[in-house]
2 protein chains.
Amino acid sequence: MKISAIDIGEIYKKVSNGETLDSDVTIQGWVKTNRNNGSVGFLEVNDGTSFNNAQVVYTKEEEHYDLIATFRTGSAVTITGKVVLTPEMKQPFEIHVTDAILEGAVDDSYPLQKKQHSFEFLRDIAHLRPRSNTFNAVFRVRNVLTMALHEYFQNNGFMYVHTPIITTNDGEGAGNVFDVVTHETDDENSFYGQKVNLTVTGQLHVEPFALAFKRVYTFGPAFRAEHSNTVRHASEFWMIEPEMAFCDLDGNMDVIEGCIKYSIKKVMDTCKEEMDFFNTRVDTGLIERLNQVVNSEFKKMTYDEAIDVLKDAIKQGHQFDNPNIEWGMDLQSEHERYITEQVVKGPVFIINYPKEIKAFYMRANDDGKTVAACDLLVPGVGELVGGSQREERLDLLEKKMKEGHINNLDWYLDTRKYGGCVHSGFGIGFDRLLMYVTGMQNIRDVQPYPRTSNNIKY
Amino acid sequence: MKISAIDIGEIYKKVSNGETLDSDVTIQGWVKTNRNNGSVGFLEVNDGTSFNNAQVVYTKEEEHYDLIATFRTGSAVTITGKVVLTPEMKQPFEIHVTDAILEGAVDDSYPLQKKQHSFEFLRDIAHLRPRSNTFNAVFRVRNVLTMALHEYFQNNGFMYVHTPIITTNDGEGAGNVFDVVTHETDDENSFYGQKVNLTVTGQLHVEPFALAFKRVYTFGPAFRAEHSNTVRHASEFWMIEPEMAFCDLDGNMDVIEGCIKYSIKKVMDTCKEEMDFFNTRVDTGLIERLNQVVNSEFKKMTYDEAIDVLKDAIKQGHQFDNPNIEWGMDLQSEHERYITEQVVKGPVFIINYPKEIKAFYMRANDDGKTVAACDLLVPGVGELVGGSQREERLDLLEKKMKEGHINNLDWYLDTRKYGGCVHSGFGIGFDRLLMYVTGMQNIRDVQPYPRTSNNIKY
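Engineer: In this structure, what is going on with the sheet that holds strand E15 (residues 382-389) of chain A? I would like to understand it.
Structural biologist: Strand pairing in a sheet relies on backbone hydrogen bonds, with the paired strands running either antiparallel or parallel. Residue and element names in this part refer to chain A. If you trace the 8 strands from one edge of the open sheet to the other, you get E6-E10-E11-E16-E15-E14-E13-E12, paired in mixed fashion. The sheet is open, and its two edges are formed by strand E6 (159-160) and strand E12 (299-302), each paired on a single side. Two strands pair when backbone bridges link them, and E6 and strand E10 (residues 215-223) are joined in this way by 2 bridges, in the parallel orientation. Residue pairing for E10: methionine 159 is matched across the bridge by valine 216.

Engineer: I keep staring at the interface of chain B and chain A and nothing clicks. Help me out?
Structural biologist: Frequently, the measure chosen for interface size is the accessible area removed from exposure when the parts meet. Listed per partner, the contact involves 106 residues of chain B and 106 residues of chain A. Taken together, both faces of the contact between chain B and chain A bury some 8700 Å²; the carbon and sulfur share is 61%. It is His162(B), Phe246(B) and Tyr418(B) in chain B that bury the most area against chain A; as a group they hold 9% of the surface buried on that side. Linking chain B with chain A are 40 residue pairs in polar contact (both at pLDDT 80 or more), by the criterion used here. Looking at the side of chain B that touches chain A, the element that brings in the most residues is helix H4 (residues 133-155) of chain B, giving 10 residues. Taken together, the residues of the side of chain B that touches chain A break down into 54 nonpolar, 33 polar and 19 charged. When strand E8 (residues 179-181) of chain A meets strand E8 (residues 179-181) of chain B, the two strands line up antiparallel, connected through 3 bridges.

Engineer: Any chance you could explain the side chain of Asn143(A) here in plain terms?
Structural biologist: Considering the arrangement of structural elements, one finds Asn143(A) in helix H4 (residues 133-155). Excluding residues within four positions of it along the chain, Asn143(A) makes contact with Gln154(B), Phe158(B), Met159(B) and Tyr160(B).

Engineer: Looking at this structure, how should I read the environment of Ser453(B)?
Structural biologist: Residues and elements named next belong to chain B. Here serine 453 lies in the segment after helix H13 (430-438). A residue is classified by how much of its surface remains accessible, and serine 453, at 17% relative accessible area, is buried. Each C-alpha atom, one on serine 453 and one on phenylalanine 219, is 23 Å from the other, the two residues being 234 residues apart in sequence. A polar atom in the side chain of serine 453 sits 2.9 Å from the side chain of histidine 227.

Engineer: Please explain the relation of the copies chain B and chain A as it appears in this structure.
Structural biologist: Each of the two chain copies goes to the other by way of a rotation about an axis and a shift along it. With an axial shift of 0.0 Å and an RMSD of 0.0 Å, the rotation relating chain B to chain A amounts to 180 degrees. The relationship between the two copies is best expressed as a two-fold rotation axis. If distances are taken from each C-alpha of chain B to the rotation axis, the shortest is found for Val180(B), at 2.4 Å. A shared binding surface is used by both copies, with 100% of the interface residues of chain B retained as interface residues in chain A.

Engineer: I keep staring at the packing of aromatic side chains and nothing clicks. Help me out?
Structural biologist: We describe a pair of aromatic rings using the distance from one ring centre to the other and the angle between the two ring planes. Under the defined criterion, the tally for this structure stands at 64 aromatic pairs over all chains. Geometrically, the ring pair formed by Trp411(A) and Tyr412(A) is edge-to-face, given 6.2 Å between the ring centres and 80 degrees between the ring planes. When its relative accessible area of 5% is taken as the criterion, Trp411(A) is described as buried. Among the aromatic side chains, those forming a connected cluster through ring pairs are Phe119(A), Phe135(A), Phe139(A), Tyr449(A), Tyr458(A), Phe209(B), Phe213(B), Phe360(B), Tyr361(B), Trp411(B) and Tyr412(B). Note that Arg215(A) overlies the ring of Phe158(A), its terminal NZ or CZ placed 5.9 Å from the centroid. Across from the ring centre of Tyr353(B), 4.3 Å away, lies the NZ or CZ of Lys358(B), which sits over that ring.

Engineer: How should H13(B) be read in this particular structure?
Structural biologist: Along an α-helix, a turn takes 3.6 residues, which lines up residues three or four apart on a common side. Counting buried positions along H13(B) yields 8 of 9 residues, so the element is predominantly enclosed. Listed in full, the buried residues belonging to H13(B) are Phe430(B), Asp431(B), Leu433(B), Leu434(B), Met435(B), Tyr436(B), Val437(B) and Thr438(B).

Engineer: Any chance you could explain the confidence of the model for chain A here in plain terms?
Structural biologist: Predicted coordinates in regions of low pLDDT should not be interpreted in detail. Across chain A, the average pLDDT comes to 94, with 97% of residues at 70 or higher. Confidence metrics for the complex model read pTM 0.97 and ipTM 0.96.

Engineer: Looking at this model, I keep getting lost on the environment of Ile264(A). Mind explaining?
Structural biologist: All names here are of chain A. Here isoleucine 264 lies in helix H6 (residues 249-270). Residue classification places isoleucine 264 among the buried positions, given a relative accessible area of 0%. Spatially, the C-alpha atom of isoleucine 264 lies 7.1 Å from that of valine 294, the residues being 30 residues apart in sequence.

Engineer: Please clarify how the pattern of salt bridges should be interpreted in this entry.
Structural biologist: It is possible for side chains bearing opposite charge to pair when their charged atoms get close. What the rule picks out here adds up to 48 salt bridges over all chains. A salt bridge links Lys358(A) to Asp375(A), with the shortest nitrogen-to-oxygen separation between them at 3.0 Å. With a gap of 17 residues between them, Lys358(A) in the loop between strand E13 (348-354) and strand E14 (370-378) and Asp375(A) in strand E14 connect regions that are remote in the sequence. Judged by relative accessible area, Asp375(A) falls into the buried class, the value being 5%. Each of the salt bridges in this network shares a partner with another, and the network as a whole consists of Asp7(A), Asp47(A), Lys214(B) and Arg215(B).

Engineer: I'm lost on the packing of helix H11 (residues 394-403) of chain B against helix H12 (residues 410-417) of chain B in this one. Help?
Structural biologist: A packed helix pair is summarised by two numbers, namely the angle formed by the two axes and the spacing between the axes. Residue and element names in this part refer to chain B. For the pair H11 and H12, the least separation of the axes is 9 Å and the interaxial angle reads 155 degrees. By the angle between their directions, the pair H11 and H12 is classed as roughly antiparallel. Of the two possible hands of crossing, H11 and H12 adopt the one that is right-handed. Across from Leu394, Leu397, Glu398 and Met401 in H11, the residues of H12 making contact are Tyr412, Leu413, Arg416 and Lys417. Tallied by class, residues from the contact of H11 with H12 come to 5 nonpolar, no polar and 3 charged.

Engineer: I would appreciate a short explanation of the pairing of strand E3 (residues 54-59) of chain A in the present structure.
Structural biologist: Across a regular strand the side chains alternate sides, sitting on one face of the sheet and then on the other. All names here are of chain A. Where burial is concerned, most of E3 is hidden: 5 out of the 6 residues are buried. Here 6 bridges tie strand E2 (residues 40-46) to E3, and the two strands are oriented antiparallel to one another. Counted as the bridge partner of valine 45 is alanine 54 from E3. Sheet topology places E3 next to strand E5 (residues 93-104); 3 bridges connect them, and they run parallel. Bridging from a neighbouring strand, valine 57 pairs with histidine 96 of E5.

Scoring rules and cut-offs
- Residues numbered from 1 in each chain as written.
- Chains lettered and ligands numbered in written order.
- Predicted model: local features only at pLDDT ≥ 70, side-chain atom pairs only at ≥ 80, totals over all residues.
- Heavy atoms only, no water.
- Pairing = 2+ DSSP bridges.
- Helix = DSSP H or I, 4+ residues; strand = E, 2+ residues; numbered from the N terminus.
- Contact = heavy atoms within 4.5 Å.
- Buried area = accessible area lost by both parts, 1.4 Å probe.
- Polar contact = N/O pair within 3.5 Å; in protein donor to acceptor, adjacent residues only side chain to side chain.
- Nonpolar A, V, L, I, M, F, W, Y, C, P; charged D, E, K, R; others polar.
- Buried < 20%, exposed > 50% of the residue type's maximum accessible area, 1.4 Å probe, protein only.
- Least-squares fit on C-alpha atoms with pLDDT ≥ 70 in both.
- Phe/Tyr/Trp six-rings, centres within 6.5 Å; stacked < 30°, edge-to-face > 60°.
- Lys NZ or Arg CZ within 6 Å of the ring centre and 35° of its normal.
- pLDDT = per-residue confidence, 0-100.
- Salt bridge = Lys/Arg side-chain N within 4 Å of Asp/Glu carboxyl O.
- Axes fitted to C-alpha atoms, helices over the stretch in contact; angles between N-to-C directions.
- Parallel < 35°, antiparallel > 145°, perpendicular 65-115°, else oblique.
- Left-handed = near helix turned anticlockwise from the far one by under 90°.

See below:
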């Protein structure tokens, strides 16, 4: 192919930098809209390198007019022409056609027509929706947010570790795992010689790496075979799980605050058009809410204080769907949102949860009742991040695991037996963070090909 | 925790930059070795932030002498002391102790003693081997190579797409997939309502994104339930799969050459100590071989030419284990290595393979016999990357899929039906690339927790 095309994103960059584009350029992309009045036509082309389209102008005098007039929405095209600056218009430049090629046509059955489509409708064409405005923006932000998180951890000396997907343990013993089998023989466990399942967390596998490299993180897929048919549950999702040796709960919260602020700020700085789109079309108030998170100091509140605050709220007449507030309960989303939105009016860590409602590996506090856990609550959603200091004392951890009937983790106990130390870590559900950053309300609308109960077309 | 420790890697950086460290520093890490002669002792400490250890000197005059003398290999320790430059010694600085704390002890059962251990032995303690020199280096390079690849693609306008792990298709129809089930009912397919398996490739899922964003890539886990018990096969591994719209086979090879050269060079520039270690201790000639790849221009040879070259080799008396060279055969590793090592003496793309030995989605050439595939061969291993131009012509692709009994991919065909275009892509087995870059000879020794047939301890 001898064509040397320029990215539309590159033209935008050059124009905004004041660079001149004297000779003709060639762009290659997909037609978003095409309209003409019989003598002059306007073709909007997007090539995915920019959220913005290039506006192509073609006139009857030009030999390609009749060809271009036939280009339907969705067609793949090659357009050559002159970049003409249009500082007085909505878009900063137009391309005046000198040559045009139809690379790939579409027929009437193309489901992504110009009109507005519902997210439900687009969900059913997950392979085509990236060409729509909303999903163009969603997946661009998904890319930038992913790399912003990598960047934060790499810049701060964290090492990326690929923890395994197929594993023999079920993490916190929460059940609801997907089993992995082969059907080569009658014995389903034959491939590995034992029962295996898809990982629910990389934490247990990454802790030994923290005890060698000091600061590490995982960033990969995790799985839950839950039938929860909510807008926030998917059976396959990506998780970031950092783990730091020689780091206590306060140090843990510093890193959580740092990475959340850094990654949100990076998205807002890098994806201005996309974020404006979300703020206007998807979630009014989004940018203000995110700015507040970036610019606020995250507060801390103990679980004990949180319970008192919720009891007070009820005394003052606040209505909760779950009004039975008592010490030992797990906080529901409505409680978390009340605290972060009405009381703290900003991000807040709830720390020191009752040990009964948290995982076996969290460090026991001296009160004998609570563990050194920290959940980050933010306005708009409630819990965004969950973390804890880990129990580094071998005897206490062994006791906890015995009580919880957690076996076959001798190797995990070795991390306490051989040069163990104070260490902490946390987990971020990446897709939920992306929902928070884009304002998208359904996890199915931030994943390329969402997997939920009874839903796996692709 | 009030201790504010400095990374050993940071001390190395400051010392090499000529910065002075006047006040005492505190380091936290794990003891590698400890020896003393009764009046002066030397403690080597590594904290995973540098391949190099810090040498801690403690003397009988100092009050912590007796404590430090008890520190065993593997212990977690906190050491405070003065950084003393030692430009005349092997290591550029020492730390003269002023305070010491034993954070986590080890007993006699600690399996990672000072002596040299075999890779086989270390494989059985995958949770502890990151603390050994070799695996410290391997996983540091793994991190750097991962980010170098991300960097290359991000810098060149590729968008990262998280393609799904659980899927209904088996990629190239190669079989040997892991099935994913839940045991909640008798019907194993009940969770998703149909049979699902672990992905063998993200390519089919990422192609629709290329036809919206022009340049995209996946980087995630893939799975093969193969019993191949070789040093190059793992049942779980990471793959990079870039895909480019409006890009033909030549453009594809440009990107392959670019990303291989960039990522290898980045590792060599960033991980000098680690690469010196591999070059000295693991694979003499490694650095020379990698430099040759970085500095050479990758050659191209057609499959037809390759067959002729192999036939000539046999005429000239060259011995192959598989001496039956005929057009239509799949090249074996020995053939590939002969071509790249003996004939081309450098990296070479073999292009235009017989259609019968390649996947259904590869573009048919006009000769009716071959497809526009390209495999990159490199000295030392043979095939490192495989790619192709994709069949964009709907009728030809449908025919191929019908012949191959590949069904249920209507959505995939849509990418040819609606605004399709010339496009290409390739796949890199990340773990094999890492083997190539480190000189490590067994895939089990470059993965954090390798999964192979009958082997899944963790």
